[in-house]
Amino acid sequence: MKKSRVYFIPGSRKEETGALSKKFETLYLALGLDESIAKDAFVAMKIHFGEKGNTGYIKPAWLKNLVHRIRQRTGRAYFTDTNTLYVGQRSNAIDHLQLAARHGFSLEKSGLPVHIADGLIGEDDEEIKAGLKRIKTAKIAAGILHADWLICLSHLTGHVQTGVGGAIKNLGMGCASRAGKLEQHAEANPRISAKACRNCGICLDYCPAGAIVQKDGSAAILNEKCIGCGECLVVCKFGAVKMRWGEDSSRLQEKMAEYAFTVWKHFNNQAAFINVLFQVTKDCDCMAADQPVIVEDIGLLGSLDAVAVDKASVDLALKHGRKDVFRKGYDVDWSLQLKHGAAIGLGSLEYDLIEIP
Ligand code: SF4
Ligand code: SF4
């Protein structure tokens, strides 16, 4: 198997902001992006702005030098994300833009305009041919699809349904419109154990599809309404929401990898991936909370290969942390997205780690 290059710069979020910003710039230069991005190209900087109350998201101040470099190449770079399935501050473009601005992402504060790539309510997408095992056509946010270059800036975290969320998730799920996200989540419906349920009603408040009802002293999911977003799994404090982890998660991870492959192929080698291994948490930045850290800060990784950068990131996290910290959070075999990504040609599981001191 061909090895891909993954650049690694050790670091910690506790470092001085200017020094951290320099590290992002160093990674950008090591990836050869300064020479590759054409003058006046549209560059989509795909990022997660962090849900309201979340503290783990990539901070705009860390990206100052990188933004400065890109602006010297093109005046058409922008930060972008898509709307969420779940109810929150990122489920429509207006709330999403306001939250992004509060987290420091605006033309004035972070030096680039912000564009919500799938429109006001997640409806602005285009279908592109995938022709893969699970996905035949992928529904991708138009505001990403029409860019010339894609740079995925991903905060590596654990995840309730995919075990790990990094570059593949940012690319596959993060670039999909609402319809594309629904397609990936379809058939991943949890169930509620009536025995374990305390009937507290919290999951009813969080369910974006109104798919949970209280019946016979416990909550129950209406399968015909459930969109498989997994919110109820995260919010239930009593472990009453169950998932068939193996079956449901493997299907979801394969679909996500196929979406990622379709987006990556569309960009025809004009895509790069930067993973940030600071404040690695059990759940992703969609959680509206300051979550406990499960792995000490490691640093930044960059590659032109989404599979290799995620594999190297997880390998480093597992080396630094205790025994598989991601599986300790949720019993999900996170490796499936990597293996399926490699099998369909998204990237390589083999890599050379090039450390930049
Ligand atoms: S949050 Fe958990 S315990 Fe509360 S109603 Fe929902 S399933 Fe039951
Ligand atoms: S029942 Fe759970 S998984 Fe289904 S839509 Fe509601 S919150 Fe999402």
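Keep in mind that this is a model prediction, so the values were computed, not measured. (Residues numbered from 1 in each chain as written. Chains lettered and ligands numbered in written order. Predicted model: local features only at pLDDT ≥ 70, side-chain atom pairs only at ≥ 80, totals over all residues. Heavy atoms only, no water.)

Enquirer: Quick one: what's the story with the overall build of the protein, residue by residue and with numbers?
Expert: Along the protein, the regular secondary structure elements total 14 helices and 18 strands. Compactness check: the protein gives a C-alpha radius of gyration of 19 Å against a globular reference of 21 Å for 357 residues, within 12% of the reference. Taken along the three principal axes of its C-alpha coordinates, the protein extends 65 × 40 × 40 Å. In the protein, the share of contacts with a sequence separation of at least 24, taken over all contacts with a separation of at least 6, comes to 75%. In the structure as shown, the protein presents an accessible area of about 14600 Å², 52% of it carried by carbon and sulfur atoms. Side-chain charges of the protein comprise 46 positive and 41 negative groups, with the mean position of each set lying 3 Å from the other. (Helix = DSSP H or I, 4+ residues; strand = E, 2+ residues; numbered from the N terminus. Rg over C-alpha atoms; globule rule 2.2 N^0.38 Å. Contact = heavy atoms within 4.5 Å. Areas by Shrake-Rupley, 256 points an atom, 1.4 Å probe, with all protein chains shown as cover. Lys, Arg positive; Asp, Glu negative; His and termini not counted. Charge placed at Lys NZ, Arg CZ, Asp CG, Glu CD.)

Enquirer: Would you mind going over unusual backbone geometry in detail, with residue names and values included?
Expert: Positive phi is not limited to glycine here, since N199 has a value of about 60°. Looking at the secondary structure, you find N199 in the loop between strand 10 (191–192) and helix 9 (202–206). With phi around 70°, N269 is a residue other than glycine that occupies positive phi space. Mapped onto the secondary structure, N269 falls in the loop between helix 11 (245–266) and strand 14 (271–277).

Enquirer: Report on the sheet that holds strand 17 (residues 299–303), specifying residues and quantitative values.
Expert: With mixed pairing, the 8 strands of this open sheet are ordered in space as 4-3-2-7-14-17-1-18. What marks the edges here is a single partner per strand, and that holds for strand 4 (114–116) and strand 18 (351–355). The average undirected angle you get between the axes of adjacent strands in this sheet is 25°. Two elements, strand 14 and strand 17, share 5 bridges in a ladder whose sense is antiparallel. Paired with F273 across the bridge in strand 17 is S303. The sheet strands contacting helix 1 (residues 17–30) are strand 1 (4–10), strand 14 and strand 17, and the helix crosses strand 1 at an angle near 165°. (Pairing = 2+ DSSP bridges. Axes fitted to C-alpha atoms, helices over the stretch in contact; angles between N-to-C directions.)

Enquirer: Kindly report on helix 14 (residues 335–343), identifying the contributing residues and their values.
Expert: Of all the positions in helix 14, only S335, Q337, L338, H340, G341 and A342 are classed as buried. Where helix 14 terminates, the next one or two residues include G345, which has phi positive at roughly 100°. (Buried < 20%, exposed > 50% of the residue type's maximum accessible area, 1.4 Å probe, protein only.)

Enquirer: A description of the packing of aromatic side chains should follow, citing residues and the corresponding values.
Expert: Taken as a whole, this structure holds 5 aromatic pairs when the rule is applied. Ring geometry for F261 and W264: centres 5.9 Å apart, planes at 45°, overall tilted. Of this pair, F261 and W264 both sit in helix 11, separated by 3 residues, roughly a single helical turn. Residue class for W264 comes out buried when judged on its relative accessible area of 18%. (Phe/Tyr/Trp six-rings, centres within 6.5 Å; stacked < 30°, edge-to-face > 60°.)

Enquirer: How would you sum up the site of ligand 2? Please name residues and give values.
Expert: Near ligand 2 there are 13 residues, and of these C207, C226, C229, G230 and C232 occur at the shortest range. A class-by-class count of the residues in the shell around ligand 2 yields 10 nonpolar, 2 polar and 1 charged. (Near = heavy atom within 4 Å. Nonpolar A, V, L, I, M, F, W, Y, C, P; charged D, E, K, R; others polar.)

Enquirer: Quick rundown of the domain arrangement of the protein? Include the residues and the values.
Expert: Each domain of the protein was delimited in the assignment, giving domain 1 (4–185 + 246–355) and domain 2 (191–242). Computed from C-alpha coordinates alone, the two centres of domain 1 and domain 2 are separated by 29 Å. In this assembly, domain 1 packs against domain 2 so that about 830 Å² is buried in total across both faces, 66% of it on carbon and sulfur atoms. Our count for the domain 1 to domain 2 interface comes out at 0 salt bridges. In this assembly, domain 1 and domain 2 are joined by 2 residue pairs in polar contact (both at pLDDT 80 or more). Residues that form the side of domain 1 that touches domain 2 fall into these classes: 7 nonpolar, 2 polar and 2 charged. (Domains from an automatic or database assignment. Buried area = accessible area lost by both parts, 1.4 Å probe. Salt bridge = Lys/Arg side-chain N within 4 Å of Asp/Glu carboxyl O. Polar contact = N/O pair within 3.5 Å; in protein donor to acceptor, adjacent residues only side chain to side chain.)

Enquirer: Describe a nonpolar patch on the surface, and please don't skip the residues or the numbers.
Expert: Together, I94, L97, L120 and I121 line one region of the surface with nonpolar side chains, adding up to about 350 Å² of accessible area. Its location among the elements puts I94 in helix 4 (residues 93–102). (Patch = residues over 30% accessible without salt bridge, like charges linked within 9 Å, V, L, I, M, F, W, Y side chains within 5 Å.)

Enquirer: Give me the environment of C286: which residues, what numbers.
Expert: With respect to the secondary-structure elements, C286 resides in the loop between strand 15 (280–281) and strand 16 (293–295). Taking the C-alpha atoms as reference points, C286 and V263, separated by 23 residues in sequence, lie 22 Å from one another. With sequence-adjacent residues up to four places away left out, C286 is seen in contact with H48, E51, Y86 and R90.

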